[in-house]
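Listed below, chain by chain, are the residues.
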Amino acid sequence: MAESPPPAPYRLQCVVHRESASGIIIHDEQIRAPSEDAAVAEAKARFAQLLAGRAGSAALRDQAGRVVWSRRQNTPSGAGAPETEG
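Residues numbered from 1 in each chain as written. Predicted model: local features only at pLDDT ≥ 70, side-chain atom pairs only at ≥ 80, totals over all residues. Heavy atoms only, no water.

Engineer: So what about the overall build of the chain? Which residues, and what values?
Structural biologist: Of regular secondary structure, the chain possesses 1 helix and 5 strands. Counting across all 86 residues of the chain, residues that qualify as buried make up 28%. For the chain, the share of sequence-separated contacts (at least 6 apart) that also reach a separation of at least 24 residues comes to 40%. For the chain, the exposed area adds up to about 5500 Å²; of that, 51% sits on carbon and sulfur atoms. (Helix = DSSP H or I, 4+ residues; strand = E, 2+ residues; numbered from the N terminus. Buried < 20%, exposed > 50% of the residue type's maximum accessible area, 1.4 Å probe, protein only. Contact = heavy atoms within 4.5 Å. Areas by Shrake-Rupley, 256 points an atom, 1.4 Å probe, with all protein chains shown as cover.)

And the structure:
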């Protein structure tokens, strides 16, 4: 039986705005997923976790460096301003 190839690595890069001396958190992590759809689903969940109600932006890139998903949240969730998604 042939082994399935390892999941493709994607790179999730986030900037989260916070109230502190530096003002932002820059987060960069690798997401291994069997498909682009699975990577996007994981990126959405991780971005929501990292934001924790704050403003910020994220981009998910494939192995070639192309952006396959992005989102920007201008205000904390529930504050009445819409999120934008690319």
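Engineer: Outline the nonpolar core, listing residues and values.
Structural biologist: In terms of nonpolar packing, the biggest core is built from 15 residues, with L12, I31, L60 and W69 touching the most fellow members. Those elements that provide at least two residues to this core are β1 (8–17), β2 (24–33), α1 (36–51) and β3 (56–61). Per element, the largest residue contribution to this core is 6 residues, and it comes from α1. If near-sequence neighbours (up to four positions away) are discounted, I31 is found in contact with A8, P9, Y10, L12, A39, E42, A43 and L60. (Core = buried A, V, L, I, M, F, W, Y, C linked by side-chain atoms within 4.5 Å.)

Engineer: How would you sum up unusual backbone geometry? Please name residues and give values.
Structural biologist: Unlike most non-glycine residues, A52 shows phi in positive territory, near 45°. For A52, the position within the fold is in the loop between α1 and β3.

Engineer: For the environment of L60, give the residues involved together with the corresponding values.
Structural biologist: Looking at the secondary structure, you find L60 in strand β3. Taking relative accessible area as the criterion, L60 reaches 0% and is therefore assigned buried. A sequence separation of 47 residues divides L60 from Q13, and the C-alpha atoms of the two residues are 6.4 Å apart. If near-sequence neighbours (up to four positions away) are discounted, L60 is found in contact with Y10, R11, L12, I31, A39, V40, A43, R66, V67, V68 and W69.

Engineer: Lay out the pairing of β1 with the relevant residues and their values.
Structural biologist: Of the strand pairs in this sheet, β1 and β2 are connected by 10 bridges, and their pairing is antiparallel. Each bridged residue has a counterpart across the sheet, and for Y10 the counterpart in β2 is I31. (Pairing = 2+ DSSP bridges.)

Engineer: Any details on the pairing of strand β4 (residues 67–73)? Residues and values, ideally.
Structural biologist: As defined by bridge partners, β3 adjoins β4 across 6 bridges and the pair is classed as antiparallel. Along β4, the bridge assignment pairs R61 with V67. In sequence, β3 turns back onto β4 through a hairpin of 5 residues, with G65 there showing a positive phi of about 90°.

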